[in-house]
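Examination of the molecular architecture
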Amino acid sequence: MSADTSAREESTGSTAPPPSPAATYTAQPGRASRRQRSTGAAAGFLGPNLILLGIFLFLPLGWAFLISFQESSGFGASGWVGLENYRRLVTDPTFWQSALNTAAFTLITVPLSLALGLGLAVLMNSVLPGRKLFRTLIYLPMVISGIATALMGVLLFDEATGIINKLLREGGLATVPWQSQGTAAFASIILVTLWIRVGFNMVIYLAGLQGISPELYEAARLEGASSWQQFRYLTVPLVGPSTFFLLIMDVIYSFQVFDTIFVMTGGGPGRSTSVLVTYAYENGFVTRDQSYAAAIGIVIFLVTLVFTAIQWRGNRSRDTVG
Amino acid sequence: MAHPLPTRERPAGPAGPPPRVRRVSPAQRASAIARLVTAAVVGLVMMFPLYWMITIAFSPSADVVSRELQLWPSAWTLDNFRTIFGTFPAATWFGNSVVVTAIITVLTVSVNLLAGYAFAKLDFRGKGFVFLLVLSTMMVPVQVLMVAQFRLVTELGIYGTFWAVIFPSAASAFGIFLARQFIIAIPDELLEAARMDGAGTVRIFLQIILPLCKPLIAVLVLLTVMYQWNDFAWPLIALKDAQLFTLPIGLLYLQGQYGADYGAIMALALLSITPIVIMFLAFQKYFVQGLARSGIR
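Worth saying up front: this structure is predicted, and the values here are computed from it rather than measured.

1. Notes on the overall build of chain A
From N to C terminus, chain A includes 14 helices and 2 strands. Sequence-distant contacts in chain A: of pairs separated by 6 or more residues, those separated by 24 or more amount to 64%. When the accessible area of chain A is evaluated, it comes to approximately 14000 Å², of which 66% is carbon and sulfur surface.

2. Thoughts on the overall build of chain B
Looking only at helices and strands, chain B has 15 helices and 0 strands in total. At 26 Å, chain B has a C-alpha radius of gyration far larger than the 19 Å of a compact globule built from 297 residues. Overall, chain B is about 70 × 70 × 30 Å in size when its C-alpha atoms are taken along their principal axes. Put simply, 69% of the contacts in chain B that link residues at least 6 apart link residues at least 24 apart. When the accessible surface of chain B is totalled, it reaches about 13200 Å², and 67% of it is carbon and sulfur. Taking the average place of the 21 positive charges on the side chains of chain B and the average place of its 13 negative ones, the gap between the two points comes to 14 Å.

3. Notes on the nonpolar core
In terms of nonpolar packing, the biggest core is built from 191 residues, with Met124 of chain A together with Ile84, Ile209, Met266 and Leu268 of chain B touching the most fellow members. Among the elements that make up this core, the one with the highest residue count is helix 8 (residues 182-210) of chain A (17 residues). Other than its neighbours up to four places away in sequence, Ile209 of chain B contacts Tyr117, Ile183, Ile186, Leu191 and Ile204 of chain B.

4. Here we look at the confidence of the model for chain B
Residues and elements named next belong to chain B. For chain B, per-residue confidence averages 85 on the pLDDT scale, and residues scoring 70 or more make up 91% of the total. Here helix 15 (residues 284-295) stands out as the least confident element of chain B, with mean pLDDT 75; helix 4 (residues 90-121) is the most confident, with 94. Segment residues 1-16: pLDDT under 50, and 15 contacts once partners within four positions in sequence are set aside and those in other chains are kept. Overall fold confidence (pTM) sits at 0.83, and the ipTM for the predicted complex is 0.84.

5. Topic: the interface of chain B and chain A
Counting residues at the interface gives 111 residues for chain B, matched by 106 residues for chain A. Each partner contributes to the roughly 9800 Å² buried at the junction of chain B and chain A, and carbon and sulfur atoms together form 75% of this total. There are 0 salt bridges connecting chain B and chain A. Across the contact surface, chain B and chain A share 11 residue pairs in polar contact (both at pLDDT 80 or more). With 16 residues, the top contributor of residues to the side of chain B that touches chain A is helix 1 (residues 26-57) of chain B. Split by residue class, the side of chain B that touches chain A holds 77 nonpolar, 18 polar and 16 charged.

6. A short note on a nonpolar patch on the surface
A contiguous nonpolar surface patch, about 310 Å² in accessible area, is contributed by Ile33, Val37, Val41 and Val45 of chain B. Tracing the chain through its elements places Val41 of chain B in helix 1.

7. Observations concerning helix 7 (residues 162-170) of chain B
Counting buried residues in helix 7 of chain B gives 7 out of 9 residues, a clear majority hidden from the surface. Buried within helix 7 of chain B are the following residues: Phe162, Ala164, Val165, Ile166, Pro168, Ser169 and Ala170 of chain B.

8. So, the packing of helix 6 (residues 146-157) of chain A against helix 14 (residues 262-282) of chain B
For the pair helix 6 of chain A and helix 14 of chain B, interaxial distance at closest approach is 10 Å and the crossing angle is 150°. The pairing of helix 6 of chain A with helix 14 of chain B is recorded here as roughly antiparallel in orientation. Relative to helix 14 of chain B, helix 6 of chain A is oriented so that their crossing is left-handed. Note on element contacts: helix 14 of chain B touches helix 6 of chain A through Tyr262, Ile265, Met266 and Ile273 of chain B, opposite Ala148, Leu151, Met152, Val154 and Leu155 of chain A.

9. Some points on the pattern of salt bridges
A side chain of one charge can pair with a side chain of the opposite charge if their charged atoms are brought near each other. Residue and element names in this part refer to chain A. Under the counting rule described, the total for this entry stands at 9 salt bridges over all chains. With its nearest N and O atoms 3.3 Å apart, the salt bridge here joins Glu84 to Arg87. With Glu84 and Arg87 both in helix 3 (residues 84-90) and 3 residues apart, this pair spans about one turn of that helix. We classify Glu84 as partly exposed; its relative accessible area is 36%. Judged by relative accessible area, which is 52%, Arg87 ranks as exposed. Across the salt bridge formed by Arg197 and Asp250, the nearest N and O atoms sit 2.9 Å from each other.

10. Some thoughts on helix 6 (residues 142-155) of chain B
All names here are of chain B. With 14 residues, helix 6 extends 19 Å from end C-alpha to end C-alpha; this agrees with the ideal 20 Å at 1.5 Å per step. Along helix 6, the sharpest kink reaches roughly 35°, centred on Ala148. Among the 14 residues that make up helix 6, 11 are buried, leaving the element largely enclosed by the rest of the structure. Turning to helix 6, its buried residues number three or more, namely Gln143, Val144, Leu145, Met146, Val147, Ala148, Gln149, Phe150, Arg151, Leu152 and Val153. Taken from the residues just after helix 6, Gly157 is the one with a positive phi, measuring 75°.

11. Re the packing of helix 4 of chain B against helix 5 (residues 127-137) of chain B
Packed helices, taken two at a time, are described by their axes: the angle between them and the distance between them. Residues and elements named next belong to chain B. Close contact between helix 4 and helix 5 brings their axes to 10 Å; oriented N to C, the two are set at 140°. In terms of orientation, helix 4 lies oblique with respect to helix 5. Read as a crossing pair, helix 4 and helix 5 show a hand that is left-handed. Taking contact as the criterion, the partners of Ala118, Phe119 and Ala120 in helix 4 are, on helix 5, Lys127, Val130, Phe131 and Val134. Here the residues of the contact of helix 4 with helix 5 sort into 6 nonpolar, no polar and 1 charged.

12. Some details on the side chain of Asp289 of chain A
All names here are of chain A. Secondary-structure assignment places Asp289 in the loop between helix 13 (276-286) and helix 14 (290-321). Look at Asp289 and you get buried, because its relative accessible area is 16%. Here Ser72 takes part through its side chain, which lies 2.8 Å from a polar atom of the side chain of Asp289. Those residues within four positions of Asp289 in sequence are excluded, and the remaining contacts are Ser72, Arg88, Asn283 and Gly284.

13. Here's the deal with the environment of Pro215 of chain B
Residue and element names in this part refer to chain B. On the secondary structure map, Pro215 appears in helix 11 (residues 214-230). A relative accessible area of 36% means that Pro215 is categorised as partly exposed. The residues contacting Pro215, other than those within four sequence positions of it, are Phe182 and Tyr286.

14. Here's the deal with the packing of aromatic side chains
Applying the stated criterion across every chain, the model contains 34 aromatic pairs over all chains. Their ring planes at 70° and their centres at 4.7 Å tell us that Phe157 of chain A and Trp178 of chain A sit as a pair that is edge-to-face. Here the residue Phe157 of chain A occupies a position in helix 6, and Trp178 of chain A occupies one in the loop between helix 7 (163-170) and helix 8, the gap between them amounting to 21 residues. With centroids separated by 6.4 Å and ring planes inclined at 35°, the aromatic side chains of Trp93 of chain B and Phe245 of chain B adopt a geometry described as tilted. Of this pair, Trp93 of chain B sits in helix 4 while Phe245 of chain B sits in the loop between helix 12 (233-238) and helix 13 (247-258); the two residues are 152 residues apart in sequence, bridging distant segments of the chain. Considered together, Trp93 of chain B and Phe245 of chain B belong to a single accessibility category, that of buried residues. Taken together, the ring pairs in this structure connect Phe258, Phe262, Tyr281 and Phe285 of chain A together with Phe150, Tyr159 and Phe232 of chain B into an aromatic cluster. The lysine or arginine in question, Arg88 of chain A, covers the ring of Tyr292 of chain A, its NZ or CZ lying 3.6 Å from the ring centre. The cationic tip of Arg232 of chain A hangs over the ring face of Tyr233 of chain A; the distance from NZ or CZ to the ring centre is 5.2 Å.

Each value, and the rule that gives it
- Residues numbered from 1 in each chain as written.
- Chains lettered and ligands numbered in written order.
- Predicted model: local features only at pLDDT ≥ 70, side-chain atom pairs only at ≥ 80, totals over all residues.
- Heavy atoms only, no water.
- Helix = DSSP H or I, 4+ residues; strand = E, 2+ residues; numbered from the N terminus.
- Contact = heavy atoms within 4.5 Å.
- Areas by Shrake-Rupley, 256 points an atom, 1.4 Å probe, with all protein chains shown as cover.
- Rg over C-alpha atoms; globule rule 2.2 N^0.38 Å.
- Lys, Arg positive; Asp, Glu negative; His and termini not counted.
- Charge placed at Lys NZ, Arg CZ, Asp CG, Glu CD.
- Core = buried A, V, L, I, M, F, W, Y, C linked by side-chain atoms within 4.5 Å.
- Buried < 20%, exposed > 50% of the residue type's maximum accessible area, 1.4 Å probe, protein only.
- pLDDT = per-residue confidence, 0-100.
- Buried area = accessible area lost by both parts, 1.4 Å probe.
- Salt bridge = Lys/Arg side-chain N within 4 Å of Asp/Glu carboxyl O.
- Polar contact = N/O pair within 3.5 Å; in protein donor to acceptor, adjacent residues only side chain to side chain.
- Nonpolar A, V, L, I, M, F, W, Y, C, P; charged D, E, K, R; others polar.
- Patch = residues over 30% accessible without salt bridge, like charges linked within 9 Å, V, L, I, M, F, W, Y side chains within 5 Å.
- Axes fitted to C-alpha atoms, helices over the stretch in contact; angles between N-to-C directions.
- Parallel < 35°, antiparallel > 145°, perpendicular 65-115°, else oblique.
- Left-handed = near helix turned anticlockwise from the far one by under 90°.
- Expected span 1.5 Å × (residues − 1).
- Bend = angle between axes of the 7 residues up to and from the residue.
- Phe/Tyr/Trp six-rings, centres within 6.5 Å; stacked < 30°, edge-to-face > 60°.
- Lys NZ or Arg CZ within 6 Å of the ring centre and 35° of its normal.

Below, the structure written as structure tokens:
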């Protein structure tokens with residue numbers, strides 16, 4: 001393949017380039033004359049990745065749409081039922097409960113991980129003995145698999161033998177029904193999620209903080225701004241781009257949370273911790289109603305798409321410059 | 001507790017703000033101590049689940065089911081490890097994880113580097129559109145695709161094999177963006193000079209781009225290994241034979257078999273996270289750079 005691409009490159013060497021959207025990516029006019037002859041080479045370089053993406057991502061995505069308009073039969077799908085699966089979604093209380101739980105999970109974990117991430121980033125950016133060690137301790141949960149962290153959560157929050165209830169008992173306090181009561185189960189999942197997630201937010205915020213010029217703080221101090229005022233009126237606005245990026249990433253993460261809930265509660269007790277993704281999995285691979293699962297997947301996709309679009313719009317201007 | 005900071009300060013003078021030497025007032029010292037205490041508390045909280053996992057992995061089962069509070073095992077034992085290696089194919093699962101992760105990483109990093117080069121340095125019709133299309137796939141959740149991907153690997157006759165895990169996982173746009181950002185920063189003059197000397201696109205890629213991309217490759221490999229080693233949702237769907245399970249699926253299987261015998265589960269969990277934690281500690285700088293770079297666009 002490589003010989004082929006370079007040969008083609010030579011043969012079309014002197015053709016004038018047509019104007020194309022790619023022009024926005026190349027600032028220097030001198031490079032334009034090379035655009036046409038690179039097309040063959042570009043195909044060779046992009047090919048392997050595009051083939052993989054095409055077969056295993058774009059094709060299933062289209063297929064998922066088709067399946068969501070069919071009815072499930074055994075392992076497969078057959079017969080068109082139009083919007084029947086979507087109509088069923090609208091009247092399915094478990095779907096709504098799962099959607100509500102997804103929204104609640106997102107609304108609770110996203111602001112908390114943003115606030116904790118920023119707070120820790122500011123702390124770790126300040127003069128602090130051993131801050132390298134502390135940073136490492138905060139990142140560490142991030143690299144551990146979702147299932148291992150969830151199993152640690154199970155271990156900690158076990159009602160009878162879990163360390164948290166043991167500590168509460170030891171302190172003469174009432175134990176918490178982490179596994180048998182909905183709100184407590186939800187809280188345990190949020191705590192484990194924050195434990196995993198805060199490190200990522202801190203990394204991004206630290207990178208953002210390091211881009212802020214120290215002179216700004218110097219000037220603020222000279223004018224008598226308190227630490228809180230410096231944080232509120234300098235730090236928070238100046239890490240705005242990081243906040244925006246994290247907001248999108250955290251929302252998408254929250255929408256797709258699976259491992260933690262699947263392992264810790266399996267959506268229970270009752271339906272109290274069921275989210276869209278666990279409900280889709282349950283339909284697709286437990287009750288084998290794959291068309292219905294595909295419809296739920298499409299709903300998740302559409303919501304995610306809205307956030308992706310927002311992110312793209314927000315970042316496009318900076319991306320073309322950099 | 002003694003003051004932890006180097007004490008080179010004198011009492012705050014009456015004069016205005018000193019231009020160079022920063023003096024540490026009692027208030028600043030109190031704030032430094034408060035910061036240290038906060039960091040220590042956060043560090044302890046973050047570490048506790050890990051500490052507890054290790055403790056339980058080495059505790060006798062009597063400790064694990066006991067209702068008594070005990071922050072240290074009554075005796076250190078390897079029983080739980082004997083169980084996972086004896087009763088369960090933990091070694092096989094570990095090997096499977098290594099094989100699957102290695103193949104996916106080599107495959108995905110290679111194709112991402114090629115594509116990143118094309119997006120960064122080659123000009124072709126529709127580049128902006130294709131790049132947007134590729135980037136947009138980063139946001140497609142695996143759960144949306146799982147039913148259709150399951151159908152696809154079944155149709156292709158690879159369901160239940162490693163290939164069913166490998167191909168859909170390698171089809172990821174995750175590294176393309178990172179690769180493009182890195183390669184775009186390589187000066188065009190360098191490539192021009194090579195072209196003058198008669199080097200073709202492929203040669204430029206192999207002999208100029210790749211050698212300059214070592215830090216990028218390190219970041220891509222680390223992040224891909226971490227992601228694939230930990231991946232759970234897709235292997236859970238794509239594999240059925242316990243002998244072919246990767247560690248995350250093995251963990252779930254073990255939990256299904258052993259219920260609340262946390263000793264064995266934590267022993268396997270510890271085994272499963274150890275390589276990634278060691279890798280992270282050894283290459284922390286690259287990990288953090290990679291994550292941070294994906295954030296600062």
